Amino acid sequence: MKIIIAGAGDVGFHLAEHLVSENQDITLIDTNPEVLEIVGQRLDVLTIEGNAASISALRSAEVERAQLVLAMTTSETTNLVTATLAKRLGANQTIARVNSSDYLTMGQRDIFDDIGVDTLISPASLAAQEIYRLVREATFTDVFEFEDGKFTLVGTTIDADSSLADVRLSQWPSLGEAARDLRPMAILRGKRTIIPKGATVLHPGDHIYFITTPERLAMLTELVGADTREIKRLMIAGGTRLAYETALLLEQDYKVTLIDEDKNSCKRLASMLSNSIIISGDPTNPYLLNEVGLGRADAFLALTPNSERNIIASLSAKNNDVYRTIALVDSREYEHISQGIGVDTLINMKLIAANNVLRYVRKGHVEAITSLHGVDAEVIEYVIERDNHVVRHPLRDLHLPETALIGGVIRGNDTFVPDGDFVLAVNDKVIVFALPEAIAKLEKVFR
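Residues numbered from 1 in each chain as written. Predicted model: local features only at pLDDT ≥ 70, side-chain atom pairs only at ≥ 80, totals over all residues. Heavy atoms only, no water.

## Side note on the overall build of the protein chain
We count it as follows: Numbering of helices and strands runs from the N terminus; a helix is a DSSP stretch of H or I covering at least four residues, while a strand is a stretch of E covering at least two. Exposure is judged per residue with a 1.4 Å probe applied to protein chains only, and the accessible area is read against the type maximum: over 50% gives exposed, under 20% gives buried, and values in between give partly exposed. Residues count as neighbours in contact if any of their non-hydrogen atoms are within 4.5 Å of one another. Shrake-Rupley sampling with a 1.4 Å probe provides the accessible areas, and residues are treated as covered by the protein chains on show and by no other component.
Check the secondary structure of the protein chain and you find 13 helices and 22 strands. The principal-axis extents of the C-alpha atoms in the protein chain amount to approximately 65 × 65 × 40 Å. In the protein chain, which comprises 447 residues, the proportion classed as buried is 55%. Long-range pairs, those at least 24 residues apart, make up 62% of the contacts in the protein chain between residues at least 6 apart in sequence. When the accessible surface of the protein chain is split by element, carbon and sulfur atoms take 46% of a total near 19,300 Å².

Here it is in structure tokens:
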């Protein structure tokens, strides 16, 4: 697939890096020659120096041959113009990154669709929604929903005193009602990702991902033996776009205090947020945090632009017995330490945005893609179309890769945790966990 990416910043570079590993034909356009030089040294992509929102740059990239144009610069205007021009010049599909969630309303989407922008994504809005889910289901370190919550994928760590510690998965049925409609999807043991099999034994310290239905989450919490507490008060560090979007989602249901050291930013946020307390000050200063009520907070969200400051502030909050901590990071280097560093959850906006975009690249009808923190794998939601041969065979006969696992099937309003005898039907939505080496084969099965 020929793909043009406008912008070699965090999101654009990560997408290029991911897509090159899948042997896609990538052209990257950016105005900064130094950035392009670094990209050229690290990735096997064609680089073009220029403004992607110009006809000449797009024609140099052979936009008329592009199946997909990803406008991912930090400028909303540049992205919208790039996507519009690319569509008019012959690109098959366009996706533009925007900063404001205002563009994502249905009326606005229709307008942009008319001018050639097929899809809009807002990294801040996507990340804010993920944080909202994590706060709502605070028992778990990871929460991902499929089909408006018909299935939920959650992550949790097995403690030594958990009833699941030292359990062999072949003994799963013996756990009784608690284990019904509950499937282990992946185990993160140190830096190693394990596909759960019958002979797999759960160890204390394992970080395990389960897929289940929302109504069974309480039973899963009891089964795991996780610490539970209702979230009522939250403290947000930082005045970023993500901090604003998150506070806007949370302030109707929780008591939110937001701290930022930029006084002008605080004034702006105070005018935009109606139910949040805004405080001007250094959000990483432990003395200030204690003065403004850190000890009474149930959750601490460190969302400043600096990863290290976010991690340190979150560790300080944890040291003050805050129940749940979430820190924004901007590097993949932090992925594999997310479960051992002491911060409950690390959020990476560019990875969240990239996952949202990747579903337009995958072969087959893909509804959603997500990645799990620290796990080198994907969770993909495929839609079964009419001409797909999988509808005629039970799952055990589909010869799926050993490094892939079907976790759940959504059929209309019904959900299934399927066994080997289950037969898929047209329009079923199938949730599959897959290591990288399984992706190509899965695409052949579900295309």
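## Details of the side chain of Asp 428
We count it as follows: Definition of a polar contact: a pair of N or O atoms within 3.5 Å, with one able to donate and the other able to accept a hydrogen when the atoms are protein atoms, and with sequence-neighbouring residues admitted only if both atoms are side-chain atoms.
Position of Asp 428 among the secondary structure elements: in the loop between strand E21 (414-416) and strand E22 (429-434). A relative accessible area of 1% means that Asp 428 is categorised as buried. Among the polar contacts made by the side chain of Asp 428, one reaches the side chain of Arg 411 at a distance of 2.7 Å. In contact with Asp 428, not counting residues within four places along its chain, are Tyr 382, Val 383, Ile 384, Val 409, Ile 410, Arg 411 and Phe 422.

## Some points on the environment of Ser 125
Within the secondary structure layout, Ser 125 lies in helix H6 (residues 123-136). Sequence separation between Ser 125 and Ile 208 is 83 residues, and the spatial gap between their C-alpha atoms is 27 Å. Ignoring sequence-local partners within four residues, the contact set of Ser 125 consists of Ser 101, Leu 104 and Glu 245.

## Describing helix H8 (residues 241-250)
In terms of burial, H8 is a largely internal element, 7 of the 10 residues being buried. Every buried residue of H8 is accounted for by Leu 242, Ala 243, Tyr 244, Glu 245, Thr 246, Ala 247 and Leu 250.

## Some points on helix H4 (residues 76-88)
Under the convention used in this document: To estimate how far a helix should reach, multiply one less than its number of residues by 1.5 Å.
Relative to the 18 Å expected for 13 residues at 1.5 Å per residue, H4 spans 19 Å between its end C-alpha atoms, a close match to the ideal helical length. Where H4 is concerned, the buried positions are Glu 76, Asn 79, Leu 80, Thr 82, Ala 83, Thr 84 and Ala 86. The first or second residue beyond H4 is Gly 90, which carries a positive phi of 115°.

## Regarding the nonpolar core
In plain terms, the rule: Think of a nonpolar core as a cluster: buried Ala, Val, Leu, Ile, Met, Phe, Trp, Tyr and Cys residues, connected wherever their side-chain atoms sit within 4.5 Å.
Phe 210, Leu 234 and Leu 301 are the most contacted members of the largest nonpolar core, which totals 48 residues. Setting aside its immediate chain neighbours within four residues, Phe 210 contacts Thr 152, Leu 153, Val 154, Thr 156, Leu 164, Trp 172, Leu 182, Arg 183, Pro 184, Met 185, Leu 220 and Val 224. The next biggest cluster of nonpolar side chains, apart from the first, holds 45 residues, and it includes Ala 353, Val 357, Leu 398 and Val 430.

## Let's talk about the packing of aromatic side chains
Keep this limit in mind: Working definition: a ring pair exists when centres of Phe, Tyr or Trp rings (six-membered ring for Trp) sit within 6.5 Å. Plane angles under 30 degrees give stacked, over 60 give edge-to-face, the rest tilted.
Within the structure shown, the criterion is met by 2 aromatic pairs. Arranged with centres 4.5 Å apart and planes meeting at 15°, the rings of Tyr 382 and Phe 446 form a pair that is stacked. Residue Tyr 382 is located in strand E19 (residues 378-383), and its partner Phe 446 is located in helix H13 (residues 439-446); the two are separated by 64 residues in the primary sequence. We classify Tyr 382 as buried; its relative accessible area is 0%. Their ring planes at 50° and their centres at 5.3 Å tell us that Phe 416 and Phe 422 sit as a pair that is tilted.

## Thoughts on the sheet that holds strand E5 (residues 94-97)
Spelled out, the test is: Strand pairing follows a simple DSSP-based rule, namely that at least 2 bridges must link the two strands. Only C-alpha atoms enter the line fits that serve as axes; for helices the fit covers just the stretch in contact. Angles between N-to-C directions range over 0 to 180 degrees.
Taking strand neighbours across the sheet as the criterion, the 6 strands line up as E3-E2-E1-E4-E5-E6 in an open arrangement whose pairing is parallel. Each of the sheet's edge strands pairs with one partner strand only, and the pair in question is strand E3 (46-49) and strand E6 (119-121). Along the sheet, successive strands turn relative to each other by an average axial angle of 15°, direction set aside. Of the pairings in the sheet, the one linking strand E1 (residues 2-6) to strand E2 (residues 25-30) comprises 5 bridges and is parallel in character. When the bridges of E2 are listed, Lys 2 appears paired with Asp 25.

## Some thoughts on the side chain of His 207
By secondary structure assignment, the location of His 207 is in strand E11 (residues 207-212). Overall, His 207 belongs to the buried group, its relative accessible area being 1%. Polar contacts involving the side chain of His 207 include one to the side chain of Thr 157, which spans 2.8 Å.

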